[in-house]
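# Summary of structural features
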Amino acid sequence: MFPGKTEQYKESIRINADGFCFTLPDGSRRAVIRAPFTAIPYSADFELKEDEREALFSMVFPSVKDVTILTEHVQEFGITILSGIKKEIEARLASDFEGAVVTSHIHHILTESFEWKGRLITAIRQDDGIDVIATDNNRILFLNTLRTSQPYEAVYYIIKVWKESGFRSGDACIRLAGLKDTDDGLLRNLRLMTGENSVCVL
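These notes cover the structure that comes with them. All of these numbers come straight from a predicted model, not from anything done at the bench.

Pairing is antiparallel in the open sheet, where three strands are placed in the order E4-E6-E5. At either margin of the open sheet sits one strand with a lone partner, and together these are strand E4 (37-41) and strand E5 (67-74). On average, each strand axis in the sheet is tilted by 25° relative to the strand beside it, whichever way the strands run. Of the pairings in the sheet, the one linking E5 to strand E6 (residues 79-86) comprises eight bridges and is antiparallel in character. Bridging across to E6, Leu 70 finds its partner in Ser 83. Its contacts with the sheet place helix H3 (residues 87-96) against E5 and E6, and it is angled at close to 85° to E6.

Helix-helix packing is described using two parameters, namely the angle between the two axes and the distance between the axes. At a minimum axis distance of 9 Å, the contact between helix H5 (residues 151-164) and helix H6 (residues 184-194) shows a crossing angle of 25°. Accordingly, the angle class assigned to the pair H5 and H6 is roughly parallel. Between H5 and H6 lies a crossing of right-handed hand. Contact with H5, carried on its side by Pro 151, Ala 154, Val 155, Ile 158, Ile 159 and Trp 162, involves Leu 186, Asn 189, Leu 190, Met 193 and Thr 194 of H6 and no other residues of that element. Here the contact of H5 with H6 is composed, by residue class, of nine nonpolar, two polar and no charged.

Here the focus is unusual backbone geometry. A positive phi angle, near 55°, is found at Asp 66, a position not held by glycine. Following the sequence through the fold, Asp 66 ends up in the loop between helix H2 (50-60) and E5. Although it is not a glycine, Asn 137 sits at a positive phi angle of roughly 55°. Take Asn 137: it is sitting in the loop between strand E9 (129-136) and strand E10 (139-146). Assessed through its relative accessible area of 36%, Asn 137 is described here as partly exposed.

Right, let's get into the sheet that holds strand E8 (residues 119-126). Strand pairing in a sheet relies on backbone hydrogen bonds. The paired strands run either parallel or antiparallel. Spatial ordering of the open sheet is given by E10-E9-E8-E11-E12, a layout of five strands whose pairing is mixed. A single partner strand is all that each edge strand has here, and the edge strands are E10 and strand E12 (199-201). Neighbour to neighbour, the strand axes of the sheet diverge by 15° on average, direction disregarded. Packed on one face of the sheet, helix H4 (residues 105-114) meets E8, E9, E10 and strand E11 (172-177) and runs near 30° to E9. The sheet contacts of H6 involve E8, E11 and E12, and relative to E12 the element is tilted by about 155°.

Before going further, it helps to examine the nonpolar core. Residues Ile 121, Ile 130, Val 132, Ile 158, Ile 174, Leu 176 and Leu 190 are the most contacted members of the largest nonpolar core, which totals 20 residues. Those elements giving two or more residues to this core turn out to be E8, E9, H5, E11 and H6. Counting residues per element, this core draws most heavily on H5, at seven residues. Sequence-distant contacts of Ile 174, that is, excluding residues within four places in its chain, are made with Ile 121, Ile 158, Trp 162, Thr 194, Ser 198, Val 199 and Cys 200. With ten residues, the next largest nonpolar core counts Val 74, Ile 81, Ile 106 and Ile 124 among its residues.

Cut-offs and rules
Residues numbered from 1 in each chain as written. Predicted model: local features only at pLDDT ≥ 70, side-chain atom pairs only at ≥ 80, totals over all residues. Heavy atoms only, no water. Pairing = 2+ DSSP bridges. Helix = DSSP H or I, 4+ residues; strand = E, 2+ residues; numbered from the N terminus. Axes fitted to C-alpha atoms, helices over the stretch in contact; angles between N-to-C directions. Contact = heavy atoms within 4.5 Å. Parallel < 35°, antiparallel > 145°, perpendicular 65-115°, else oblique. Left-handed = near helix turned anticlockwise from the far one by under 90°. Nonpolar A, V, L, I, M, F, W, Y, C, P; charged D, E, K, R; others polar. Buried < 20%, exposed > 50% of the residue type's maximum accessible area, 1.4 Å probe, protein only. Core = buried A, V, L, I, M, F, W, Y, C linked by side-chain atoms within 4.5 Å.

Right, here's the structure in full:
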């Protein structure tokens, strides 16, 4: 589906369960870090100060401490992503992967989604939740994280986003990533409710 990206993943270097780093063809290195995030509208005329970014992130994630706020503008979708990178991960990147460009996992997925022409839901399964992004060509319809470890709740959440976005079998696709061996039921139920050909696994 995205052959260039797939080759990059194959060459990736794991950093615990928090992300990975890979080398691009031009020799530069990029680190993709999993992190809690929130999104705000992008404006070329207005930039939040560091303390304002920290305050906004803390309002959304009051229990997340000892993080550095990574600010990324996704101009294709007209949003700015604020991610909280763990300081120990930031320190490891600085020592083990010096010079790597750091980006959040959600920015990485959005960049891929922009290349997709059509209606798309991308769902990234994690131990403590699932990130769900719904896009229609170059428009974001939905972007959020559900905190749950239960596969049936993840199915309900994805299907609700699918229906609320007006998606139908044959005109939209669901991409799933991060599935476990025990997630067969999740995959089976999604295909049953959206169509056999609507769901693909990365």
